[in-house]
Amino acid sequence: MTDRRIEWTRHPDGVVELQLARADKMNALDPAMFDALIESGEALRGDGSVRAVVISGRGKAFCAGLDMASFERMQQQGGAADVLGAGAAGTDLLKRTHGISNAAQQVAMVWREVPVPVIAAVHGVAFGGGLQVALGADVRIVAPDTKLSVMEIKWGLVPDMAGMVLMRELARSDVVRELTFTGRIFSGEEALQIGFATRLSADPLTEALQMAHEIAGKSPDAIRAGKRLLNAALAQSAAQLLMAESVEQQALIGSPNQIEAVKANIERRAPRFNPAA
């Protein structure tokens, strides 16, 4: 991937581990990291062999947010347009470069487009854009002493890496407002209470990988169908979602992997699934 900002590990069962690899900068987001995250997500999006994805950060942090050098450049150049640089979001944030998103938003939204479960293992800090990357995952396993913040207000900005879309799914509106308006730092334990963390773990990466390997043992067709439905549930009416359930289920019933799931349970053996259709 771009400038080796992200290290890939492919496990034999289809689990892919992505590790943000700027440990000396607490994995802060610079233009190359933006590009690497988008490229990684888009590469996984079309890979039928992938069963689950784990995102973590190397060193002592998940992601400290925007690289401070970017803010120094913004101050020197007298405007916010260059905060992300041409290699990331470009100079026009209004331009939709990735479907409904601009490039900065795609850094978080791309994980919703990856058709398999994405699990974020969060430790150390997850500030600003780093928090929004984690929120883009399907599941977040967080160390209790992690420090998190919707930090953009500190710099006179608003969350703009899909944070408004992602936070509203997870926490009450008044909680989201308070965190957005204050930018205060909160713990992993509070993140669990408000809905930003799925569960706590003293070793988030180990637990995230265990979950990913468990998911990898399930029918890939059913897992992908489940993620499509869960994504659709956020935007569709009850009638649309009920029909979507029926469409997905009808396609699964009697398919080779569904039959294999039944046989494996009856025969009390590990299933032997085909790659996702």
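In what follows, the structure referred to is the one given above.
Residues numbered from 1 in each chain as written. Predicted model: local features only at pLDDT ≥ 70, side-chain atom pairs only at ≥ 80, totals over all residues. Heavy atoms only, no water.

**Side note on the overall build of the chain**
- If you tally the helices and strands in the chain, you get eleven helices and nine strands.
- Going through the 277 residues of the chain one by one, you find that 50% of them count as buried.
- For the chain, the exposed area adds up to about 13300 Å²; of that, 56% sits on carbon and sulfur atoms.
- Here the chain contributes 29 positively and 32 negatively charged side chains, and the mean placements of these two sets differ by 3 Å. (Helix = DSSP H or I, 4+ residues; strand = E, 2+ residues; numbered from the N terminus. Buried < 20%, exposed > 50% of the residue type's maximum accessible area, 1.4 Å probe, protein only. Areas by Shrake-Rupley, 256 points an atom, 1.4 Å probe, with all protein chains shown as cover. Lys, Arg positive; Asp, Glu negative; His and termini not counted. Charge placed at Lys NZ, Arg CZ, Asp CG, Glu CD.)

**A few points about helix H8 (residues 204–216)**
- Between its terminal C-alpha atoms H8 stretches 18 Å, which fits the 18 Å expected from 13 residues at 1.5 Å a residue.
- The complete set of buried residues in H8 reads Pro 204, Glu 207, Ala 208, Leu 209, Met 211, Ala 212, Ile 215 and Ala 216.
- Against strand S2 (15–20), strand S3 (52–57), strand S4 (118–122), strand S6 (139–142), strand S9 (199–200) and helix H9 (220–232) lie the buried residues of H8. (Expected span 1.5 Å × (residues − 1). Contact = heavy atoms within 4.5 Å.)

**A closer look at the environment of Glu 113**
- Position of Glu 113 relative to the elements: it lies in helix H3 (residues 103–113).
- Under the relative-accessibility criterion, Glu 113 is labelled partly exposed at 33%.
- Along the primary structure Glu 113 and Arg 228 are separated by 115 residues, whereas in three dimensions their C-alpha atoms are 9.0 Å apart.
- Excluding residues that lie within four positions of it along the chain, Glu 113 makes contacts with Arg 45 and Gln 106.

**Description of the nonpolar core**
- Counting 51 residues, the largest nonpolar core has Leu 37, Val 53, Trp 111 and Phe 196 as its most contacted members.
- Contacts of Val 53, omitting those with residues within four sequence positions, involve Val 16, Leu 18, Leu 44, Val 114, Val 116, Pro 117, Val 118 and Ile 119.
- Ala 121, Val 139, Ile 141 and Met 211 belong to the second-largest nonpolar core, a separate cluster that totals 13 residues. (Core = buried A, V, L, I, M, F, W, Y, C linked by side-chain atoms within 4.5 Å.)

**Quick word on the side chain of Thr 146**
- Mapping Thr 146 onto the fold places it in the loop between S6 and strand S7 (147–149).
- Under the relative-accessibility criterion, Thr 146 is labelled buried at 0%.
- Engagement of the side chain of Thr 146 in a polar contact is seen with the backbone oxygen of Val 122, the distance being 3.4 Å.
- One polar contact links the side chain of Thr 146 to the main-chain carbonyl oxygen of Ala 143, over a distance of 2.8 Å.
- Apart from residues no more than four positions distant in its own chain, Thr 146 is found in contact with Val 122, His 123, Gly 124, Val 125, Ala 126, Phe 186, Ser 187 and Gly 188. (Polar contact = N/O pair within 3.5 Å; in protein donor to acceptor, adjacent residues only side chain to side chain.)

**Focus on unusual backbone geometry**
- Even without being glycine, Asn 27 reaches a positive phi, approximately 60°.
- Mapped onto the elements, Asn 27 comes out in the loop between S2 and helix H1 (31–45).
- A residue is classified by how much of its surface remains accessible, and Asn 27, at 0% relative accessible area, is buried.
- Of note in this structure, Arg 268 is not a glycine but carries a positive phi near 55°.
- Mapped onto the elements of the fold, Arg 268 is located in the segment after helix H11 (256–267).
- Residue Arg 268 is classed as exposed on the basis of its relative accessible area, which comes to 77%.

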